[in-house]
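Residues per chain, in single letters:
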Amino acid sequence: AKMTDIFNELHRVLQEDGIFTLMFTHKKTEAWDTLTSALIEAGFVVTSSHPVSTEFPYSFHQAGQNSAESTILLASEKQTQNDGSPTLWSEIQRDTRQVAREHAEMLDQGEVDFAKVDIILASFGPTLEVFTRQHPVVDDEGNEVSPQTALDEARSAVRDYLIDKYLNSGVRDVDPKTEWYI
């Protein structure tokens, strides 16, 4: 509620063609869901994201922790294009997976050596762009789909990309926690 209040005030004072950028880093999709829900409720759409390497990977509080080494900068602007009619999740699910995988591949093959967890987190921005532009999103029964559903789909798409690129397909035969750890 406090986050929504802050974003409501930003929406009030931001010029119609204005853009605001926030920095956010959290590994749990629940935190991203809360952030995205607050942005949507305040009338914003995510327009781009940029991972910035901000943490020294060998620091004592980071080393061996599978911690994020990057901060994600999310740019948002006022929602203007959506007429409020719902979009079916089944219509954007494939786009969600595709944009997350493409972004992960671009970062993985880029000049900066991002940690794998950072590649996953960085895929959330493009995923949220697809999701927030199409909001409200509903399932086939008309139930609202949360941003977390899209983020989980992105995480799955990036995980699949990383498995395809760095591991063998046998990894898919283990339980989800073991697969994530590997």
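Residues numbered from 1 in each chain as written. Predicted model: local features only at pLDDT ≥ 70, side-chain atom pairs only at ≥ 80, totals over all residues. Heavy atoms only, no water.

**Examining the sheet that holds strand β1 (residues 19-24)**
Spelled out, the test is: In this scheme, strands are said to pair when DSSP sees at least two bridges between them. Strands here mean DSSP runs of E at least two residues long; helices mean DSSP runs of H or I at least four residues long; both are numbered from the N terminus. Lines fitted to C-alpha atoms define the axes here, with helix axes fitted over just the stretch in contact, and angles between the N-to-C directions of these axes take values from 0 to 180 degrees.
Spatial ordering of the open sheet is given by β1-β3-β2, a layout of 3 strands whose pairing is antiparallel. Unpaired on one side and paired on the other, β1 and β2 (44-53) mark the two borders of the sheet. Shown here is a sheet whose adjacent strand axes are inclined to one another by a mean of 25°, direction ignored. As paired strands, β2 and strand β3 (residues 70-78) are joined by 9 bridges and run antiparallel to one another.

**So, the pattern of salt bridges**
Basically, it comes down to this: Between Lys or Arg on one side and Asp or Glu on the other, a salt bridge is scored when a side-chain nitrogen of the former is within 4 Å of a carboxyl oxygen of the latter. The buried label goes to any residue with under 20% of its type's maximum accessible area, the exposed label to any with over 50%, and the partly exposed label to all in between, with areas taken from a 1.4 Å probe on protein chains only.
Using the criterion set out here, one finds 9 salt bridges in the structure. A salt bridge links K78 to E16; the nearest nitrogen and oxygen atoms lie 3.0 Å apart. In this pair, K78 sits in strand β3 while E16 sits in the loop between α1 (2-13) and β1, placing the two residues 62 residues apart along the sequence. With relative accessibility at 6%, the residue K78 sits in the buried group. Given a relative accessible area of 60%, E16 falls into the exposed group. Note that K165 is salt-bridged to D108, the shortest N-O span being 3.5 Å. Taken together, the residues K165 in helix α5 (residues 147-166) and D108 in helix α3 (residues 89-108) connect sequence positions 57 residues apart. Connected via shared salt-bridge partners are R97, E153, R159 and D160.

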